[in-house]
Amino acid sequence: MSTSSVKTARLRIWRGVDRDQGRYQEFNVAFEDGDSVLDGLVRVRLNDDPGLAVRFSCFNAHVCKECTMLIDGKVEYACIAKLREEIMQLDPLPNLPIVRDLVTDTLSHKERF
């Protein structure tokens, strides 16, 4: 990253294994224009908290659907959504069991049995 174009996003990330007992944790993430929310989450894991749980299996392929989460209240792919110079709130998908942090159990009822 060239220092002249570096910006900072503040990611407010939901943490925990239970919706009733979870909490938010905030991280400042340096980025350049075009960087995705997934890029920012990977930086958090590498530089700040390796225990952050987030699911992904590819970068910018837009086909795996593994990184789907709520970004500022809207269901989006983290690999597509772009970082912005503001507080961005990241939550696990609604109406699904939480595995941990941003990871939800996305298996259908039929796949579980």
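You'll find the structure just up there.
Residues numbered from 1 in each chain as written. Predicted model: local features only at pLDDT ≥ 70, side-chain atom pairs only at ≥ 80, totals over all residues. Heavy atoms only, no water.

### Observations concerning the pattern of salt bridges
Evaluation of the coordinates by the stated rule reveals ten salt bridges. Note that R15 and D101 form a salt bridge whose closest N and O atoms lie 3.2 Å from each other. Residue R15 is located in strand β1 (residues 7-15), and its partner D101 is located in the loop between β6 (98-100) and β7 (103-104); the two are separated by 86 residues in the primary sequence. Across the pair, exposure class does not vary: R15 and D101 are buried alike. Between R100 and D101 there is a salt bridge, with its nearest N and O atoms 3.6 Å apart. On the basis of relative accessible area, R100 is assigned to the partly exposed category, the value being 38%. Residue classification places D101 among the buried positions, given a relative accessible area of 3%. When salt bridges with common partners are traced through the structure, they connect R15, D49, R100 and D101 into a single cluster. (Salt bridge = Lys/Arg side-chain N within 4 Å of Asp/Glu carboxyl O. Helix = DSSP H or I, 4+ residues; strand = E, 2+ residues; numbered from the N terminus. Buried < 20%, exposed > 50% of the residue type's maximum accessible area, 1.4 Å probe, protein only.)

### Some points on helix α1 (residues 37-47)
Among all positions of α1, only V37, L38, D39, G40, L41, V42 and V44 are buried. Close packing links the buried residues of α1 with β1, β2 (23-31), β3 (68-71) and β5 (87-91). (Contact = heavy atoms within 4.5 Å.)

### Quick look at the nonpolar core
L11, I13, V37, L41, M69, L83 and L90 are the most contacted members of the largest nonpolar core, which has 23 residues in total. Considering every element that reaches this core, the biggest residue donor is α1, with five residues. (Core = buried A, V, L, I, M, F, W, Y, C linked by side-chain atoms within 4.5 Å.)

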